Amino acid sequence: VYALEGSIAIAGALVQWLRDNLGLIASAAEIEPLAQSVPDSGGIYFVPAFSGLYAPHWKDNARGVIAGLTRFVNKGHLARAALEATAFQTREVLDAMHHDAGPAVNLSALKVDGGMVFNETLMQFQADMLGVPVIRPTVAETSALGAAYAAGLAVGVWAQVDDLRANWGEDKRWTPNMEAGERARLYAGWQKAVTRTLDWVD
């Protein structure tokens, strides 16, 4: 059995940054209604390379950029672009994984966990960016659950891994509803924005 891992430096922490550093929101939960106050990101991209870019770029001299600003842009667009940044970064990592694994391994769905999976706007945009369903399990804190499962297997609470699979349940599923052309256009804009972050630190 082989596993591929891709690390993203800033995802949920970007929402915290908007709250703590800019005061744009008072709580993390406010990011979604603010993002929903606009129909899209207004053409801006937020690349949160605060400490460089991780997978798949691995550029420690990159720095964060908000690209495409105009006078039309407001805080709702900034909030939406911040959420979309997580989806774009996830797309980059999954594209790299697909490249490494080869055409025999195709992504049919993305199972997600963690605090951000309760953000409906982000989950829908993630499905749209990937072109596959995004699935949230009934227990969203999978890391903690995995540790409990490992301990349970070690002491005999469960006899085998198949017993654990039977416990898994689907809570919600988001299916993509974005046309392929629009998906490609938005992702190309992200890739262009990423190039603006590179080699910022000499």
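Preceding this paragraph is the structure being described.
All of these numbers come straight from a predicted model, not from anything done at the bench.

**Some remarks on the pairing of strand S4 (residues 134-137)**
Residues Val134 and Arg136 line one face of S4 and the alternating positions Ile135 and Pro137 line the opposite face, and both faces are buried. Across two bridges, strand S3 (residues 110-111) lies against S4 in parallel orientation. Opposite Leu110, over in S4, you have Val134 as the bridge partner. Note on the crossover from S3 through helix H4 (residues 120-130) to S4: the handedness is right-handed. Pairing geometry for S4 and strand S5 (residues 170-174), over four bridges, is antiparallel. Bridge pairing in S5 links Arg136 to Lys172.

**Structural notes on the pattern of salt bridges**
Per the counting criterion, the structure on display carries eight salt bridges. Residue Arg136 is joined to Asp171 by a salt bridge in which the shortest nitrogen-to-oxygen separation is 2.9 Å. Here Asp171 lies in strand S5 and Arg136 lies in strand S4, a separation of 35 residues in the sequence. Arg136 sits in the buried class, given a relative accessible area of 7%.

Criteria and cut-off values
Residues numbered from 1 in each chain as written. Predicted model: local features only at pLDDT ≥ 70, side-chain atom pairs only at ≥ 80, totals over all residues. Heavy atoms only, no water. Buried < 20%, exposed > 50% of the residue type's maximum accessible area, 1.4 Å probe, protein only. Helix = DSSP H or I, 4+ residues; strand = E, 2+ residues; numbered from the N terminus. Pairing = 2+ DSSP bridges. Right-handed = clockwise from strand over helix to strand, strands pointing away. Salt bridge = Lys/Arg side-chain N within 4 Å of Asp/Glu carboxyl O.

Keep in mind these values describe shape, not function.
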